Amino acid sequence: MRIGAHVRDDDPIAAAEELKADVVQFFIGDPQGWKKPVLPEGLADVVKASDVEVFVHAPYRINVATTNNRVRIPSRKLLEQHLRAAAELGAKGLIVHGGHVGDGDDPQVGFDNWRKVFERLECPIPVLIENTAGGGNAMARKFDRIAQLWETLDGVADLEKNVGFCLDTCHAHAAGEELLDAVARIKAITGRIDLVHCNDSRDAFGSGADRHANLKHGQIDPDLILAVCREADAPIVLETPGDGQAEDLAFLRESL
């Protein structure tokens, strides 16, 4: 079982070695910005020479589902730029949030906008769509919406090659989705889980709040988090607060 964490982007492999991590995730651009990613010189060689498995997280601003052209069009461009850069690094996948449409919009429009992404985009590595914590008209908050998204993509995108899934435990809890059978339900929808974001939640079940906590310091039963990690059969990345991350890694290694 490969276990690691989200780490700094200036020297992710050194950070992995410090944590004794088997897998790391990091940004290759401003997570809150629109600028094209620029890879530090030599980083691709360092990553490819390492045994550490690497995933890249796309900027949070990306929302390819929205009906707002001023957001959707640059989102598609930024997604493509990050895909190319992540592939150049040798990353296993690019994680991107499912996005949302406006309160008065038909959710199907958002699903269709996702379909158009895969109709037009070449995917050198898989796009891993991540479930999200809040938003009334989110594409990937509730599992029934995720099912609608996958139904819309079926027959258009090469799901086996181009589209994967990242399951975030905090987000599922905050969205009001029970973790007890979350893995089975997601696999029934997507056929796969490519990555687990292993996070406790600061806030209550169904709160819609995306606030991560260190393991055993939040609102989720640690046994439920461990069960998800075991059943998903996928690499595990912690996105918990840095001060307690070493303890979180130790807990996972001892418990899994």
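Look up: the structure comes first, before these words.
Colleague: Is there a simple way to explain the overall build of the protein in this structure?
Modeller: When its secondary structure is counted, the protein shows 10 helices and 10 strands. For 256 residues, the compact-globule estimate of 2.2 N^0.38 gives 18 Å, and the protein sits close to it at 17 Å. The burial tally for the protein puts 56% of its 256 residues in the buried class. Restricting the contact set of the protein to residue pairs at least 6 apart, pairs at least 24 apart contribute 75%.

Colleague: What's the story with the sheet that holds strand β2 (residues 23-26) in this structure? I'm lost.
Modeller: Within a sheet, each strand pairs with its neighbour through backbone hydrogen bonds, oriented either parallel or antiparallel. Strand order in the closed barrel made by the eight strands is β1-β2-β3-β4-β5-β6-β7-β10, with parallel pairing throughout. Across the sheet, the axes of successive neighbouring strands diverge by a mean angle of 30 degrees, strand direction being ignored. Across four bridges, the pairing between β2 and strand β3 (residues 53-57) is parallel. Across the sheet, Val-24 pairs through a bridge with Val-54, a residue of β3. Against the sheet, helix α3 (residues 69-89) contacts β2, β3, β4 (94-97) and β5 (127-130), and its axis sits at roughly 155 degrees relative to β4.

Colleague: It is not clear to me how the pairing of β3 should be interpreted in this structure. Could you clarify?
Modeller: It is a general feature of regular strands that their side chains alternate between the two faces of the sheet. For β3, a buried count of five out of five residues is recorded, marking the element as mostly surrounded by other parts of the structure. Tracing the backbone out of β2, into helix α2 (residues 43-49) and back to the parallel element β3 gives a crossover that is right-handed.

Colleague: How should I be thinking about the pairing of strand β6 (residues 163-168) in this particular structure?
Modeller: Among the six residues of β6, six are classified as buried, and the element is accordingly described as predominantly covered. Here β6 shows no split at all, with Val-163, Phe-165 and Leu-167 on one side and Gly-164, Cys-166 and Asp-168 on the other all buried. Pairing of β5 with β6, which is carried by four bridges, proceeds in the parallel orientation. Bridged to Leu-128 within β6 is Gly-164.

Colleague: Would you explain the packing of aromatic side chains in this entry?
Modeller: The geometry of two aromatic rings is summed up by the distance between their centres and the angle between their planes. In the structure shown here, the tally under the stated rule is three aromatic pairs. Judged by centre distance (5.8 Å) and plane angle (15 degrees), the ring pair of Trp-114 and Phe-118 falls under stacked. With Trp-114 and Phe-118 both in helix α4 (residues 107-120) and four residues apart, the pair spans about one turn of that helix. Given a relative accessible area of 0%, Trp-114 falls into the buried group. Exposure remark for Phe-118: the relative accessible area of 5% places this residue in the buried category.

Colleague: What is the right way to read the pattern of salt bridges from this model?
Modeller: Here the idea is simple: oppositely charged side chains can pair when their charged atoms come close. Under the criterion given, the structure shown has 11 salt bridges. With its nearest N and O atoms 3.7 Å apart, the salt bridge here joins Lys-142 to Glu-177. With Lys-142 in the loop between β5 and α5 (143-153) and Glu-177 in the loop between α7 (169-175) and α8 (182-190), the pair connects residues that are 35 residues apart, well separated along the chain. Taking the shortest distance from any N to any O, the salt bridge between Arg-185 and Asp-181 comes out at 3.1 Å. Judged by relative accessible area, Arg-185 falls into the partly exposed class, the value being 25%.

Colleague: Help me out: how do you make sense of the nonpolar core in this one?
Modeller: Most often, soluble globular proteins have nonpolar side chains that are buried together. Ranked by internal contacts, the top residues of the largest apolar core, which has 74 residues, are Phe-26, Leu-89, Trp-114, Cys-198 and Leu-252. With six residues, the top contributor of residues to this core is α3. Look past the residues within four positions of Trp-114 in its chain and what remains in contact with it is Val-64, Ala-65, Val-96, His-97, Gly-98, Val-127, Ile-129, Met-139, Leu-149 and Leu-153. Residues Val-23, Ile-95, Leu-128 and Val-237 belong to the second largest nonpolar core, which totals seven residues.

Colleague: Would you explain the state of the cysteines in this entry?
Modeller: In a disulfide, the sulfur atoms of two cysteines are covalently bonded to one another. A full pass over the atoms with the stated rule returns zero disulfides. We note that Cys-170 lacks a disulfide partner, and the nearest cysteine sulfur, in Cys-198, lies 11 Å from it.

Colleague: Any chance you could explain α8 here in plain terms?
Modeller: Side chains that are three or four residues apart share a direction in an α-helix, a result of its 3.6 residues per turn. Buried within α8 are the following residues: Ala-182, Val-183, Ile-186 and Thr-190. In an axial view of α8, the angular spread of the buried residues amounts to 90 degrees, which keeps them on one side of the axis. Buried positions along α8 lie against α5, β6 and α9 (222-232). Following α8 by one or two positions, Gly-191 has its phi on the positive side, about 80 degrees.

About the thresholds
Residues numbered from 1 in each chain as written. Predicted model: local features only at pLDDT ≥ 70, side-chain atom pairs only at ≥ 80, totals over all residues. Heavy atoms only, no water. Helix = DSSP H or I, 4+ residues; strand = E, 2+ residues; numbered from the N terminus. Rg over C-alpha atoms; globule rule 2.2 N^0.38 Å. Buried < 20%, exposed > 50% of the residue type's maximum accessible area, 1.4 Å probe, protein only. Contact = heavy atoms within 4.5 Å. Pairing = 2+ DSSP bridges. Axes fitted to C-alpha atoms, helices over the stretch in contact; angles between N-to-C directions. Right-handed = clockwise from strand over helix to strand, strands pointing away. Phe/Tyr/Trp six-rings, centres within 6.5 Å; stacked < 30°, edge-to-face > 60°. Salt bridge = Lys/Arg side-chain N within 4 Å of Asp/Glu carboxyl O. Core = buried A, V, L, I, M, F, W, Y, C linked by side-chain atoms within 4.5 Å. Disulfide = S-S within 2.5 Å. Arc of directions from axis to C-beta.

Keep in mind these values describe shape, not function.
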